[in-house]
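Structure at a glance
The lines below spell out each chain.
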Amino acid sequence: DLQPLTGLRKGDAMNPLANELGRQSILRKYQEDGRYYASVELVEGSKPTDTRVVYSIVEGPVVKVKAIEFVGNSGAATGRLKTQLVTKKSFLSIGGKFNPTSLELDRKAILEYYGALGYLGATVTPEVKRSSDMSHVTVVYHIVEGIQYQVAGVQIEGNKSFPTDKLQKV
């Protein structure tokens, strides 16, 4: 299952950069599968003089999302913010595998939601808190909403093809 991720084939020319990209692909696959603490080391294949490519993998445990919290959100309800997220918490040990790459997607989705509410300068910083046994994480999104902007008025000028009242309805 991991071999195709590397893009490497027996007989190819030694390419340390391609071997490193293969290492990163393998690590990303483990993290996507919820193995947050996985590590992949390129043991052989980092030098052009190497004759083979060897990866050392420590899979680590599958990490579940125990809880998702929001700090600093007064302009948006916690329940509504949770609907914006890719990250989901586990329920009765089902689902909720933690994928660190989803944090950036979640951060962008929260910012987009706040932008639609008029909080154009909002910032979101995700934090991952590990459980003592490292089997679960709590994801905390720290939100600084800033000023909520509102439309003070609408003014239409320069229109010649359509009457102003029709454009205002649109």
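Our subject in this report is the structure included herewith. (Residues numbered from 1 in each chain as written. Predicted model: local features only at pLDDT ≥ 70, side-chain atom pairs only at ≥ 80, totals over all residues. Heavy atoms only, no water.)

1. Looking at the overall build of the chain
If you tally the helices and strands in the chain, you get five helices and five strands. In terms of overall dimensions, the chain is more spread out than a globule: its C-alpha atoms have a radius of gyration of 24 Å, far above the 15 Å expected for 170 residues. With the C-alpha coordinates aligned to their principal axes, the bounding extent of the chain is approximately 75 × 45 × 25 Å. Counting only residues that meet the buried cut, the chain has 31% of its 170 residues in that class. Contacts in the chain between residues far apart in sequence, at least 24 positions, make up 58% of those at least 6 positions apart. (Helix = DSSP H or I, 4+ residues; strand = E, 2+ residues; numbered from the N terminus. Rg over C-alpha atoms; globule rule 2.2 N^0.38 Å. Buried < 20%, exposed > 50% of the residue type's maximum accessible area, 1.4 Å probe, protein only. Contact = heavy atoms within 4.5 Å.)

2. Some remarks on helix α4 (residues 102-116)
An ideal rise of 1.5 Å per residue puts 21 Å on 15 residues; α4 measures up with 21 Å between its terminal C-alpha atoms. Those residues of α4 that fall on the buried side of the exposure criterion are S102, L103, D106, A109, I110, Y113 and Y114. The buried residues of α4 occupy an angular sector of 135 degrees when projected down its axis, which confines them to one face. Turned more than 90 degrees away from the buried face of α4, the exposed residues are L105, E112 and A116. Elements in contact with the buried residues of α4: β3 (64-71), α3 (78-82), β4 (123-130) and β5 (136-144). Remark: G118 follows α4 within two positions and exhibits a positive phi of approximately 100 degrees. (Expected span 1.5 Å × (residues − 1). Arc of directions from axis to C-beta.)

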